[in-house]
Amino acid sequence: MKPFSIEVQCRDGTPLMIRCRDNALQVEKVLERWRDTGCWWEGESEKAFFRVLCQDGGIREIYCDLLSRQWFLYRIYD
């Protein structure tokens, strides 16, 4: 799956709600968080990753590009 842009509502930098296309999902719990520098030698900026449990029971991996402040859906776990 190629990452695509999403909207995320946060409080104190922690995701509370994810909006993918026309679907809004409440974040029930942040399971894990980490930062990744990516391919910095190719000009990629640092990213803040979150693995979250959503209200529908699905686990999603999202990240925020810390330079552009844009959010992306990276992975959905079955």
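Read on for a plain summary of the structure.

Scoring rules and cut-offs
- Residues numbered from 1 in each chain as written.
- Predicted model: local features only at pLDDT ≥ 70, side-chain atom pairs only at ≥ 80, totals over all residues.
- Heavy atoms only, no water.
- Core = buried A, V, L, I, M, F, W, Y, C linked by side-chain atoms within 4.5 Å.
- Buried < 20%, exposed > 50% of the residue type's maximum accessible area, 1.4 Å probe, protein only.
- Helix = DSSP H or I, 4+ residues; strand = E, 2+ residues; numbered from the N terminus.
- Contact = heavy atoms within 4.5 Å.
- 1 Å grid on protein atoms, 1.4 Å probe; cavity = no way out; pocket = protein on both sides within 12 Å on 5 of 7 lines; lining within 4 Å.
- Points joined across faces, edges and corners; volume = space filled by probe spheres on them.
- Nonpolar A, V, L, I, M, F, W, Y, C, P; charged D, E, K, R; others polar.
- Pairing = 2+ DSSP bridges.

Among the nonpolar cores identified, the biggest contains 14 residues, and Ile6, Ile18, Phe50, Val52, Ile62 and Trp71 are the most heavily contacted of them. Elements supplying a minimum of two residues to this core: strand S1 (4–11), strand S2 (14–20), strand S3 (23–36), strand S4 (47–54), strand S5 (59–65) and strand S6 (71–77). Ranked by residue count, the leading element in this core is S4, at 4 residues. Ignoring any residue separated from it by four or fewer positions in sequence, one finds Ile18 in contact with Ile6, Glu7, Asn23, Ala24, Leu25, Val27, Val52, Cys54 and Ile62.

Let us now look at the layout of surface pockets. Here the largest pocket defines a volume of roughly 170 Å³. Lining the largest pocket, in full, are Cys10, Gly13, Arg33, Trp34, Arg35, Ala48, Phe49, Phe50, Cys64, Leu66, Arg69 and Trp71. At the level of elements, S3 and S4 are the ones that each hand at least two residues to the lining of the largest pocket. Class assignment for the residues of the lining of the largest pocket results in 8 nonpolar, 1 polar and 3 charged.

Moving on to the pairing of S5. Most of S5 is tucked away: 6 of the 7 residues are buried. Looking at chain direction, S4 and S5 are connected through 7 bridges and run antiparallel. In the strand pairing of S5, Phe50 is matched with Ile62. From the end of S4 to the start of S5, which pair antiparallel, there are 4 residues, and Gly57 there has a positive phi angle of about 90°. Pairing between S5 and S6: 6 bridges, direction antiparallel. Each bridged residue has a counterpart across the sheet, and for Glu61 the counterpart in S6 is Arg75. The antiparallel hairpin formed by S5 and S6 contains 5 residues in its connecting segment, where Arg69 sits at a positive phi of about 65°.

Let us now look at the environment of Ile62. With respect to the helices and strands, Ile62 occurs in strand S5. When the C-alpha positions of Ile62 and Trp40 are compared, they lie 19 Å apart, and in sequence the two are 22 residues distant. Ignoring sequence-local partners within four residues, the contact set of Ile62 consists of Ile6, Val8, Pro15, Ile18, Ala48, Phe49, Phe50, Trp71, Phe72, Leu73 and Tyr74.

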